[in-house]
Amino acid sequence: MKVVGFAGFSGAGKTTLIEQIIPALRQQGQRVSVVKHAHHRFDIDHPGKDSFRHRAAGAFEVLVASDQRLALLREFEQPVQLSVHQLLAELYDGVDWVFVEGYKWSDLPKIEVWRPAQLGEAERAVLYPHDMFVVAVATNAPERLPEPTQRPVLPLDAPQQVAQWLRTQAERFDYDPARHLAGKLPA
């Protein structure tokens with residue numbers, strides 16, 4: 001599989017870009033998975049549903065499956081800081097691409113998503129001058145980048161072009177889990 005991170009500060013447009021690139025790659029027959037970091041407690045289950053009740057009763061894992069979807073919910077007994085590599089090890093390995101959103105300090109090749117500050121906002125910092133894993137910058141204002149770069153600058157508002165760039169650069173995103181000691185998630 002090929003793995004690429006999308007990094008940038010809140011509000012830069014990472015999620016929007018990812019949701020626009022996915023269909024572009026799907027149209028080319030590519031399968032895409034996403035790993036998304038959540039900063040806060042989150043829940044995808046709902047009170048009253050059987051799976052919620054199983055978890056509330058103390059189940060360590062609840063796997064819900066239908067003929068169209070599968071969701072595994074795992075409750076950690078202690079808070080755990082998971083590496084992106086541990087999460088990647090949990091994914092189905094038959095996908096073509098994995099987009100990683102929210103692990104901006106990871107050692108994965110990544111596209112930095114950057115937008116200039118709006119009127120009244122503080123200027124937004126950039127990662128690319130100090131992060132050797134940033135392989136390109138996607139922006140809607142290349143002329144306003146705070147520092148020059150030799151990295152490719154991709155048009156943030158043209159997801160088809162970003163998808164095409166990913167396809168032409170695909171080899172650089174080949175993921176080798178052995179390089180990252182990707183262990184299974186802790187119990």
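The structure we're discussing is the one just above.
Let me sum up the structure you'll find in this document. (Residues numbered from 1 in each chain as written. Predicted model: local features only at pLDDT ≥ 70, side-chain atom pairs only at ≥ 80, totals over all residues. Heavy atoms only, no water.)

Quick notes on the nonpolar core
Side chains that are nonpolar tend, in soluble globular proteins, to be buried together.
Part 1 of the argument: Core analysis: the largest hydrophobic core is formed by 24 residues, its most contacted members being Phe6, Ile21, Trp97, Phe99, Ile111 and Leu166.
Part 2 of the argument: The set of elements that each furnish at least two residues to this core consists of β1 (2-7), α1 (14-26), β5 (97-101), β6 (110-114), β7 (134-139) and α4 (159-168).
Part 3 of the argument: The element that contributes the greatest number of residues to this core is α1, accounting for 5 residues.
Part 4 of the argument: When neighbours within four sequence positions are excluded, phenylalanine 99 is seen to be in contact with Val4, Phe6, Ile18, Ile21, Ile22, Leu25, Val32, Ser33, Val34, Val35 and Leu166.
Part 5 of the argument: In terms of nonpolar packing, the next biggest core, distinct from the first, is built from 11 residues, Val3, Tyr103, Leu108 and Tyr175 among them. (Core = buried A, V, L, I, M, F, W, Y, C linked by side-chain atoms within 4.5 Å. Buried < 20%, exposed > 50% of the residue type's maximum accessible area, 1.4 Å probe, protein only. Helix = DSSP H or I, 4+ residues; strand = E, 2+ residues; numbered from the N terminus. Contact = heavy atoms within 4.5 Å.)

Let's talk about the environment of glutamine 160
Part 1 of the argument: For glutamine 160, the location among the structural elements is in helix α4.
Part 2 of the argument: You can call glutamine 160 partly exposed: its relative accessible area is 48%.
Part 3 of the argument: When the C-alpha positions of glutamine 160 and isoleucine 21 are compared, they lie 6.6 Å apart, and in sequence the two are 139 residues distant.
Part 4 of the argument: Sequence-distant contacts of glutamine 160, that is, excluding residues within four places in its chain, are made with Ala24 and Gln27.

Remarks on the pattern of salt bridges
Part 1 of the argument: Here the structure, examined in full by the defined rule, presents 8 salt bridges.
Part 2 of the argument: Among the ionic pairs, arginine 55 bridges to aspartate 45, the shortest N-O distance being 3.2 Å. You can see arginine 55 sitting in helix α2 (residues 50-56) and its partner aspartate 45 sitting in the loop between β2 (32-36) and α2, a full 10 residues away along the chain.
Part 3 of the argument: For arginine 55, a relative accessible area of 16% gives the class buried.
Part 4 of the argument: When its relative accessible area of 9% is taken as the criterion, aspartate 45 is described as buried.
Part 5 of the argument: Between glutamate 75 and arginine 55 there is a salt bridge, and its shortest N-O distance comes to 2.6 Å. (Salt bridge = Lys/Arg side-chain N within 4 Å of Asp/Glu carboxyl O.)

Brief notes about the side chain of serine 33
Part 1 of the argument: Within the secondary structure, serine 33 is located in strand β2.
Part 2 of the argument: Other than its neighbours up to four places away in sequence, serine 33 contacts Leu91, Val95, Trp97, Val98 and Phe99.

By themselves, these are just geometric observations and shouldn't be taken as functional.
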